[in-house]
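Below are the chains, spelled out letter by letter.
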2 protein chains.
Amino acid sequence: MAHTQDPMEVLNRYLDEHGMKHTRQREIIVGEFLKSNKHLQIEELLNQVKKIEPSIGYVTVYRTLMLLKECGLAHQRHFGDGKSLFEKAGDHHDHMICIKCGSINEFEDDRIEKLQEQVAKRINFKIVSHRHEIYGCCSRCQNE
Amino acid sequence: MAHTQDPMEVLNRYLDEHGMKHTRQREIIVGEFLKSNKHLQIEELLNQVKKIEPSIGYVTVYRTLMLLKECGLAHQRHFGDGKSLFEKAGDHHDHMICIKCGSINEFEDDRIEKLQEQVAKRINFKIVSHRHEIYGCCSRCQNE
DNA sequence: CCTCCGCTGAAAACCACTTTCAAATGAGTT
DNA sequence: AACTCATTTGAAAGTGGTTTTCAGCGGAGG
Ligand SMILES: [Mn+2]
Ligand SMILES: [Mn+2]
Ligand SMILES: [Zn+2]
Ligand SMILES: [Zn+2]
């Protein structure tokens, strides 16, 4: 019954269904993106990718990330330091961001999620998505 | 024991303590801002203000909003539609934003706030601020 | 091979601020 | 009231992270 969940296959199916092409650039960019486990800036991913194929430009990385977002394989985050961060889609979670060092901790609390739904239902609001970000000082940064 | 909480007085004290001047522009802009109960874009507030004094420019409204933020009388919000929104500071609350009509509902749930603190404490994270935004479809927009 | 149409990279455009700068103006001091 | 001068103001220019444009490239079906 294996409905494949392999990201590469999801992407390839998306490309085929939309008359889009399989290119070397896309393969490299997506490969590097999926390999990483961080919240990546575009420039950061570009640097990774340039190690493999230096001719690849910023715009292609940008467009590929939009593509990954489009087919549900990536999330774009805006944590208020100007540049967006991209991360692999996966189980839902929210974020704690250290305002000193920029480190990011992920968290997930079912009780909060449920209460959220409760609050929405109270005014008959249909939730599509949410962002819950906690800003402050991480454990490490509290001891200078 | 009336420690004044009147916004105008807070502002005036701030101006005095920082060697800043009381100007007609600031009075008008702050007056209009405090009069409103919406989440305002800069341009929106500018339009209000221009009805009273057409010579006032975007930059002065912008700078006055920064000033209000600085002295704790305004909050700046970023709900992802590009432009920031400003609202009067008051009791803490979070937001539900309709992705169809843009309407904003405020909510406040102590249980969520407490759970948030619990989650932070678990990793010894010291909370400075947070944003909790729920995006979806408001009651009105669900019936087209 | 051919041909078509999507893809790519450099450069230009966009856009919401944010800063600069010369002239105007509060507000103390004569 | 006149003088002084640091703060303000508004127009214009600058910023920075995208986002779009466009001419040439290249994947892939025929
Ligand atoms: Mn994450
Ligand atoms: Mn609000
Ligand atoms: Zn930290
Ligand atoms: Zn709505």
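Here we summarise the structure given alongside this text. (Residues numbered from 1 in each chain as written. Chains lettered and ligands numbered in written order. Predicted model: local features only at pLDDT ≥ 70, side-chain atom pairs only at ≥ 80, totals over all residues. Heavy atoms only, no water.)

**Observations regarding the coordination of the manganese ion (ligand 2)**
Residues and elements named next belong to chain B.
Thinking step 1. Protein coordination of the manganese ion (ligand 2) is provided by His39 (NE2), Glu87 (OE), Glu87 (OE), His93 (NE2), His95 (NE2) and Glu106 (OE), with donor distances spanning 2.0 to 2.6 Å.
Thinking step 2. Between consecutive donor residues of the manganese ion (ligand 2), the sequence gaps follow H-x47-E-x5-H-x1-H-x10-E. On the criterion of sequence distance, the pair formed by His93 in the loop between strand E2 (85–88) and strand E3 (94–98) and Glu106 in strand E4 (residues 104–107) is long-range, its members being 13 residues apart.
Thinking step 3. Classification of His93 by relative accessible area gives buried; the value is 13%.
Thinking step 4. Exposure remark for Glu106: the relative accessible area of 43% places this residue in the partly exposed category. (Donors = N, O, S within 2.8 Å, 3.2 Å for Na, K, Ca; no water. Helix = DSSP H or I, 4+ residues; strand = E, 2+ residues; numbered from the N terminus. Buried < 20%, exposed > 50% of the residue type's maximum accessible area, 1.4 Å probe, protein only.)

**Quick word on the interface of chain A and chain B**
Thinking step 1. Contact residues are listed per partner, giving 34 residues for chain A and 34 residues for chain B.
Thinking step 2. Taken over both partners, the interface formed by chain A and chain B buries close to 2,900 Å², and the fraction arising from carbon and sulfur atoms is 63%.
Thinking step 3. For the pair chain A and chain B, the interface holds three salt bridges.
Thinking step 4. With its nearest N and O atoms 4.0 Å apart, the salt bridge here joins A:Asp109 to B:Arg122. (Contact = heavy atoms within 4.5 Å. Buried area = accessible area lost by both parts, 1.4 Å probe. Salt bridge = Lys/Arg side-chain N within 4 Å of Asp/Glu carboxyl O.)

**Things to note about the protein's contact with DNA strand D**
Thinking step 1. Neighbouring DNA strand D are 21 residues, the closest being A:Ser84, B:Met20, B:Thr23, B:Thr60 and B:Arg63.
Thinking step 2. The sugar-phosphate share of atoms of DNA strand D within 4 Å of the protein amounts to 67%.
Thinking step 3. One nitrogen or oxygen atom from the side chain of A:Arg63 is found 3.3 Å from a base oxygen belonging to DNA strand D.
Thinking step 4. Contact distances for DNA strand D include 2.8 Å between a phosphate oxygen and a backbone N or O atom of B:Lys21.
Thinking step 5. Here the surface near DNA strand D takes four residues from helix H4 (residues 58–70) of chain A, the largest share from any one element.
Thinking step 6. Considered class by class, the residues forming the surface near DNA strand D number seven nonpolar, eight polar and six charged. (Near = heavy atom within 4 Å. Polar contact = N/O pair within 3.5 Å; in protein donor to acceptor, adjacent residues only side chain to side chain. Nonpolar A, V, L, I, M, F, W, Y, C, P; charged D, E, K, R; others polar.)

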